[in-house]
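These are the residues of each chain, in order.
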Amino acid sequence: LLRRAADLGVELFDTADSYGPEVAENLVREALHPYDGLLIATKGGFRRHGPHEWEADCRPESLRAACESSLRRLDVERIDLYQLHLVDPRVPVEDSVSALAELREEGKIREIGVCNVGVAHLERARRVTAVVSVQNRFSLAERSSTSMLARCTEDGLAFIAWAPLAKGFLS
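So, a few notes on the structure that sits alongside this text. (Residues numbered from 1 in each chain as written. Predicted model: local features only at pLDDT ≥ 70, side-chain atom pairs only at ≥ 80, totals over all residues. Heavy atoms only, no water.)

### Examining the nonpolar core
Of all hydrophobic cores here, the largest spans 30 residues; its most connected members are Leu84, Leu100, Val114, Leu122 and Val134. Listed by contribution, the elements that provide at least two residues to this core are helix H3 (60-74), strand S5 (79-84), helix H4 (93-105), strand S6 (109-115), helix H5 (119-128) and helix H6 (146-155). Here this core takes 6 residues from H4, the largest share from any one element. Contact partners of Leu100, with chain neighbours within four places excluded, come to Leu63, Tyr82, Leu84, Ile109 and Ile112. Among the nonpolar cores identified, the runner-up in size contains 9 residues, and Ala5, Val28, Leu32 and Leu74 belong to it. (Core = buried A, V, L, I, M, F, W, Y, C linked by side-chain atoms within 4.5 Å. Buried < 20%, exposed > 50% of the residue type's maximum accessible area, 1.4 Å probe, protein only. Helix = DSSP H or I, 4+ residues; strand = E, 2+ residues; numbered from the N terminus. Contact = heavy atoms within 4.5 Å.)

### Things to note about the packing of aromatic side chains
Applying the stated criterion to the full structure yields 2 aromatic pairs. Between the aromatic rings of Phe138 and Phe159, the centroid separation amounts to 5.7 Å while the plane-to-plane angle is 85°, which identifies the pairing as edge-to-face. Note that Phe138 is positioned in the loop between strand S7 (133-137) and H6 and Phe159 in strand S8 (residues 158-162), a separation of 21 residues in sequence. Given the relative accessible area of 12%, Phe138 is considered buried. Judged by its relative accessible area of 18%, Phe159 falls in the buried class. (Phe/Tyr/Trp six-rings, centres within 6.5 Å; stacked < 30°, edge-to-face > 60°.)

### Points about the pattern of salt bridges
Inspection of the entire model under this criterion finds 18 salt bridges. The partner of Asp57 in a salt bridge is Arg47, with the nearest N and O atoms 3.1 Å apart. Of this pair, Asp57 sits in the loop between strand S4 (53-56) and H3 while Arg47 sits in strand S3 (residues 46-50), placing them 10 residues apart in sequence. We classify Arg47 as partly exposed; its relative accessible area is 40%. Salt bridges here are not isolated pairs; linked through shared partners, they connect Arg64, Glu68, Glu102, Glu106 and Lys108. (Salt bridge = Lys/Arg side-chain N within 4 Å of Asp/Glu carboxyl O.)

Everything listed is a geometric property; what it means functionally is a separate question.
Pasting the structure below:
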């Protein structure tokens with residue numbers, strides 16, 4: 001399916017270390033590596049412990065470890081777009097995005113994005129480093145990020161909808 005999508009012209013493939021966990025990144029590598037002409041995005045900061053067990057972990061050391069693991073699984077030296085999966089209520093968003101900025105300075109990340117954020121967290125993140133994208137839940141059934149979409153449009157940021165088919169409800 002991933003190869004067919006690329007053959008049909010899809011250029012952005014978005015995944016996360018927690019999907020599986022680790023399974024989705026491995027599938028992306030197996031199907032698409034060496035990624036010629038494709039933009040591979042992944043996320044860190046959200047750990048999956050079981051089918052319905054998720055935990056935020058956006059401590060700088062955890063994000064670094066997650067990024068390093070994603071680099072290995074995706075078999076790349078630099079991730080095109082690395083996204084903070086969510087804001088961890090125990091960690092200031094500034095600390096989390098500072099860790100990503102360090103990884104970008106080291107050449108391990110090309111661009112930084114944030115996910116599951118409101119305008120206030122986006123602004124705080126952007127005071128620390130350049131942010132190129134926001135990924136929030138958005139579909140015909142879920143419109144709570146309409147104002148974020150408008151803000152991204154206004155500021156020239158990419159907006160990536162997650163669950164655009166409302167987790168299958170609209171398909």
